[in-house]
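These are the residues of each chain, in order.
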Amino acid sequence: MKKHIGLGLFALGVLSACNNSTPVEEPEATQIVETELDGELLMKNNCLTCHGNGDSHETILAPPMRGVKMHYLEDDMTEAEFVSSVVNWVKNPNEENSKMPGAIKRFKVMPKQNFNEEEVKAIAAYMYRNNLPKPEWLD
Ligand code: HEC
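How each quantity is defined
- Within each chain, residues carry numbers counting from 1 in the order of the written sequence.
- Only residues with pLDDT of 70 or above have their local features reported here, since the model is predicted, and side-chain atom pairs are shown and tallied only from 80 upward, although totals for entire chains, interfaces and linings are computed over all residues.
- With hydrogens and water excluded, all non-hydrogen atoms of the structure serve as input to the side-chain values.
- A run of DSSP states H or I qualifies as a helix once it reaches four residues; a run of E qualifies as a strand once it reaches two. Both are numbered from the N-terminal end.
- Only protein chains enter the area calculation, which uses a 1.4 Å probe; residues under 20% of their type maximum are buried, those over 50% are exposed, and those in between are partly exposed.
- Two residues qualify as a contact provided that any one of their heavy atoms is within 4.5 Å of a heavy atom in the partner residue.
- Residue exposure ignores everything except the shown protein chains as possible cover, and the areas themselves are Shrake-Rupley values with a 1.4 Å probe.
- Listed donor atoms are N, O and S within 2.8 Å of the metal (Na, K and Ca: 3.2 Å). As water is not included, a site may look incomplete.
- In these descriptions, tetrahedral denotes four donors with every angle between 85 and 135 degrees, square planar four donors and octahedral six donors with opposite donors over 155 degrees apart and the rest between 65 and 115, and irregular any other case.
- By convention in these notes, a residue is near a molecule or strand provided one of its non-hydrogen atoms lies within 4 Å of it.
- Polar contacts, as used here, are pairs of N or O atoms within 3.5 Å; protein pairs need one atom able to donate a hydrogen and one able to accept it. Residues neighboring in sequence count only if both atoms are side-chain atoms.

## Observations concerning the overall build of the protein
Across its full length, the protein holds 7 helices and 0 strands. When the helices and strands of the protein are placed in sequence order, the string is α-α-α-α-α-α-α. In the protein, which comprises 139 residues, the proportion classed as buried is 30%. Taking as baseline every contact in the protein between residues at least 6 positions apart, the subset at least 24 positions apart corresponds to 68%. Accessible surface, the protein as shown: approximately 10100 Å² in total, 55% of it carbon and sulfur.

## Side note on the coordination of the iron atom of the ligand
Metal coordination angles have textbook ideals: 109.5 degrees for a tetrahedral set of four donors and 90 or 180 degrees for an octahedral set of six. For the iron atom of the ligand, every protein donor is listed as His-51 (NE2) and Met-110 (SD), and the spread of their distances is 2.0 to 2.1 Å. Between the 6 donor atoms coordinating the iron atom of the ligand, the angles at the centre fall across 86 to 179 degrees, so the site counts as octahedral. Here the residue His-51 occupies a position in helix H3 (residues 48-51), and Met-110 occupies one in the loop between helix H6 (101-107) and helix H7 (117-129), the gap between them amounting to 59 residues. Given the relative accessible area of 21%, Met-110 is considered partly exposed.

## Quick word on the site of the ligand
Taken together, 26 residues form the shell around the ligand, and within it Cys-47, Cys-50, His-51, Tyr-72 and Met-110 come nearest. Between the ligand and Lys-99, the relevant distance is 2.7 Å, taken from an oxygen atom to a main-chain nitrogen or oxygen of the residue. Within the backbone of Met-110, one N or O atom sits 2.9 Å away from an oxygen atom of the ligand. Elements represented by at least two residues in the shell around the ligand include exactly H3, helix H4 (65-72), helix H5 (79-91) and H6.

See below:
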């Protein structure tokens, strides 16, 4: 019984998601990044060493992920757009493509690292879908 309710809600979600968009539907594949990977864990292991919230604003090594998301997420951006914008950065971090010049000034450009692209996609999808933790020192 529970299962049926879940399915019903899921169908409703899909339907209302469709209703919100213009009559010319984009194929769903461009909206949702399919991944089986655990974006939360991957982010913790690969990004939060630098992008973690840290103990204080003085000691952090990079802007917290919540702040990165704020700079990357534009109005009406689909998940796929957000993900490709993060992936593009991670593949080739450079001053020219930065959306956070203030962060570069303070921290220098993010070092280029050999991340697995599928994993970065999962991380970015996780960022898009979830509220990221707010640093304690922010307020
Ligand atoms: C070795 C430390 C380090 C690691 C690990 C790291 N970053 Fe960064 N990252 C930085 C620093 C420092 C900045 C701020 C300077 C800048 O913007 O280049 C930054 C900035 C960014 C930005 C904003 C870039 C801009 O200027 O527009 C994004 C997006 C980003 N990181 C994504 C990631 C993701 C995703 C991961 C994990 C896969 C990751 N980073 C791992 C150090 C790191």
